[in-house]
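Structural features, examined
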Amino acid sequence: MLTSENERESTVFDLDEKYMIQCLPKRDHIAISKAQGTKIIDSQGKEYLDLFSGISVTNVGHCHPKVVAAIKNQIELYMHISNHYYNNAMATLAKQLVTVAPQSLSKVFFVNSGAEAVDGAVKLAKKYATVNGRKGNTLVSLESSFHGRLSLTLTLTGQKNFKYKFDNYATYPGIVHAPTPYYYRDGGDLPEDEFGKKCAEDLAHLLDNYAPGDIATVIIEPILGEAGIIVPPDSYLPAVQKICKEREITFIADEVQTGIARTGKMFACEHWSIKPDIMTLAKALGGGLPIGAFLASEDVAAAFVEGDHFSTFGGNPVCCAAASAVLDVVKEERLAERAENTGAYLMKRLGEMSEKRELVGEVRGKGLMVGLELVRNRRSKEPATGETSKIKQGLIKDGFLIGVGGPNKNVLRIQPPLVISKAEVDSAVDALDRLLGSYATLEQ
Ligand SMILES: Cc1ncc(COP(=O)(O)O)c(C=O)c1O
């Protein structure tokens, strides 16, 4: 009894430190007690405007009433039946997803997270290569990419800082990385479209260094999220798709972060009319419940036969019911359109602000997936890592929760619930402007 009495007196921070393996990235000292729509309330009763959506998860807003109702309804019926039986919530969600997915995709498999979606997608791509008489030994991803924290997905992840001291856990065999189409840092004197084509040509060159049939798949985030919201030049993805097709290499679009209306389209691929062979989803799909998926074309999906893949919890009926409600809400509330409009307004306000705030190197993004890269000097582009962290802390003090990304942790990530209002955008930009104003300001 004494132990539980003591524990009751401990704060969440004490309990966490004592009992959790301390391996999460450094957290902000905030314990959440409630979240609704765009607002989060902490255990002290302080209210925050959420500008990060739990890492791009709560696209429909926290605890959307329709999602909550769907969850409650399913919980009353059954919560788990195992994938040895049929599950109506899962089949219904599969149909809904195929209805909104890029035309090329007609089959779905459900998992529990983004990393599992990527892992399953790659497994399918490899099987597709081998059943078609190719070796499919090698996988290609991008240098700055992020695809998850499990062995294969951590190896696919291009950023080295996630792999420090993980040795062969993070060196799954046969994975190579192609250059990232990061125009702001690597574009040099080239016009943006030329740079996009050059990056695609570099990828082609890499693919052609391997024997025909050796490469199973190319996996790319249409907009790189963890890398600091890197939007490729318009020429890039169409060229990559063509290069893959010509070489009979499948193309996986990792839409774990960009999917479900985040970028102003249901899926980011649509900005460039890309038709991937496989697409991965997770994050926003469940509106806050853990669910991921990979979708594939009829042809590619047929490579998986009975018994090839399984997940105990994948397609959990409660998560599927939540995801069905999310897709309904996205449609009913026209959230893709809303993300596009509010995102354009946010970009305009940030663009105006950046004209006088020297620390802002670049504002970039699509829809409500927006990055603000902060640099100490606009010419040298030295990353303003410390300043970015201070601005984030300043925003927390002022009641705003924001993300930070990029290998140098110098990109502020604004990825709010898509239901955010323009007045809320104004309050966030004003707060950001005030904080940036405490650093050097450009002469007017
Ligand atoms: C593009 C992308 N793929 C995969 C993942 C991994 O997802 P999860 O954390 O659900 O495993 C992430 C997570 O940030 C992501 O952004």
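Since this is a predicted model, take the numbers as computed values, not measurements. (Residues numbered from 1 in each chain as written. Predicted model: local features only at pLDDT ≥ 70, side-chain atom pairs only at ≥ 80, totals over all residues.)

Attention now goes to the site of the ligand. Not every one of the 14 residues close to the ligand is listed here, only the nearest: Ser113, Gly114, Ala115, Val256 and Gln257. For the shell around the ligand, the leading source of residues is helix 6 (residues 114-131), giving three residues. Residue composition of the shell around the ligand, by class: five nonpolar, six polar and three charged. (Near = placed C-beta within 6 Å. Helix = DSSP H or I, 4+ residues; strand = E, 2+ residues; numbered from the N terminus. Nonpolar A, V, L, I, M, F, W, Y, C, P; charged D, E, K, R; others polar.)

Quick look at helix 5 (residues 88-100) now. Compared with an ideal rise of 1.5 Å per residue, which puts 13 residues at 18 Å, helix 5 spans 19 Å between its outermost C-alpha atoms and is within 8% of the ideal. Along helix 5, the positions that sit buried rather than exposed are Ala89, Met90, Leu93 and Leu97. Down the axis of helix 5, the sector holding all buried residues measures 90 degrees, keeping them to one side. Set apart from the buried face of helix 5 by more than 90 degrees, the exposed residues are Lys95 and Thr99. Those residues of helix 5 hidden inside the fold are in contact with helix 4 (65-77), strand 4 (107-111), strand 10 (292-296) and helix 12 (317-332). (Expected span 1.5 Å × (residues − 1). Buried ≥ 20, exposed ≤ 12 C-beta atoms within 10 Å, placed from the backbone. Arc of directions from axis to C-beta. Contact = placed C-beta atoms within 7 Å.)

Attention shifts here to the nonpolar core. The nonpolar side chains of soluble globular proteins are, as a tendency, buried together. Grouped together as the largest cluster of nonpolar side chains are 125 residues, with contacts concentrated most on Val240, Ile278, Ala293, Phe294, Leu295, Ala322 and Val326. A total of eleven residues in this core trace back to one element, the largest contributor, which is helix 12. Of the domains in this structure, domain 1 (2-60 + 334-436) and domain 2 (65-332) are the two that each give at least three residues to this core. Residues within four places of Phe294 in sequence aside, it is in contact with Phe109, Ala117, Gly120, Ala121, Leu124, Ile278, Met279 and Thr280. (Core = buried A, V, L, I, M, F, W, Y, C linked by C-beta atoms within 7 Å. Domains from an automatic or database assignment.)

Domain boundaries in the protein chain define domain 1 (2-60 + 334-436) and domain 2 (65-332). Here the C-alpha centre of domain 2 lies 25 Å away from the C-alpha centre of domain 1. Contact residues are listed per partner, giving 30 residues for domain 1 and 31 residues for domain 2. The set of elements that each furnish at least two residues to the side of domain 1 that touches domain 2 consists of helix 3 (53-56), helix 13 (335-354), strand 11 (360-366), strand 12 (369-374) and strand 15 (411-414). A per-class count over the side of domain 1 that touches domain 2 returns twelve nonpolar, eleven polar and seven charged.

One open sheet holds the four strands; their spatial order is 1-2-3-13, and the pairing between them is mixed. Edge strands, defined here as strands with exactly one partner in the open sheet, are strand 1 (32-36) and strand 13 (400-401). Bridge count for strand 1 against strand 2 (residues 39-42) is four bridges, and the pairing is antiparallel. Considered in strand 2, the bridge of Lys34 is made with Ile41. (Pairing = 2+ DSSP bridges.)

Here the focus is the pairing of strand 2. In sequence, strand 1 turns back onto strand 2 through a hairpin of two residues, with Gly37 there showing a positive phi of about 60 degrees. Here strand 2 pairs with strand 3 (residues 47-50) via three bridges, running antiparallel. Bridge assignment links Lys39 to a residue of strand 3, and that residue is Leu49. Joining the antiparallel neighbours strand 2 and strand 3 is a turn of four residues, in which Gly45 adopts a positive phi near 85 degrees.

In this model helix 4 runs 19 Å from its N-terminal to its C-terminal C-alpha over 13 residues, within 8% of the 18 Å that 1.5 Å per residue would give. Tucked inside the fold, the buried residues of helix 4 contact helix 5 and helix 12.

Once that is clear, we can look at unusual backbone geometry. Phi is positive for Ser56, close to 60 degrees, though the residue is something other than glycine. By the secondary structure assignment, Ser56 is in helix 3. Phi at Lys409 takes a positive value of approximately 50 degrees, unusual for a residue other than glycine. Position of Lys409 among the secondary structure elements: in the loop between strand 14 (403-405) and strand 15. When the 18 C-beta atoms within 10 Å are taken as the criterion, Lys409 is described as partly exposed.

The next subject is the sheet that holds strand 14. Across a sheet, paired strands are connected by hydrogen bonds in the backbone, their directions being either parallel or antiparallel. One open sheet holds the four strands; their spatial order is 11-12-15-14, and the pairing between them is antiparallel. Pairing within the sheet leaves two strands with one partner each, and these edge strands are strand 11 and strand 14. Between one strand axis and the next, the sheet turns through 25 degrees on average, direction left out of account. In terms of strand pairing, strand 14 meets strand 15 through three bridges, oriented antiparallel. Residue pairing in the sheet places Val404 in a bridge with Leu412 of strand 15. Of the strands in this sheet, strand 11, strand 12 and strand 15 are in contact with helix 13, which crosses strand 11 at around 170 degrees. (Axes fitted to C-alpha atoms, helices over the stretch in contact; angles between N-to-C directions.)

Turning our eyes to something else, we now look at the packing of helix 13 against helix 15 (residues 422-436). Between helix 13 and helix 15, the least distance of the axes is 10 Å, while the angle of their chain directions is 25 degrees. Taken together, the axes of helix 13 and helix 15 lie roughly parallel to each other. Our pair here, helix 13 against helix 15, has a crossing hand that is right-handed. Across from Thr342, Tyr345, Leu346, Arg349, Leu350 and Met353 in helix 13, the residues of helix 15 making contact are Lys422, Val425, Val429 and Asp433. Residue classes in the contact of helix 13 with helix 15 are distributed as six nonpolar, one polar and three charged. (Parallel < 35°, antiparallel > 145°, perpendicular 65-115°, else oblique. Left-handed = near helix turned anticlockwise from the far one by under 90°.)

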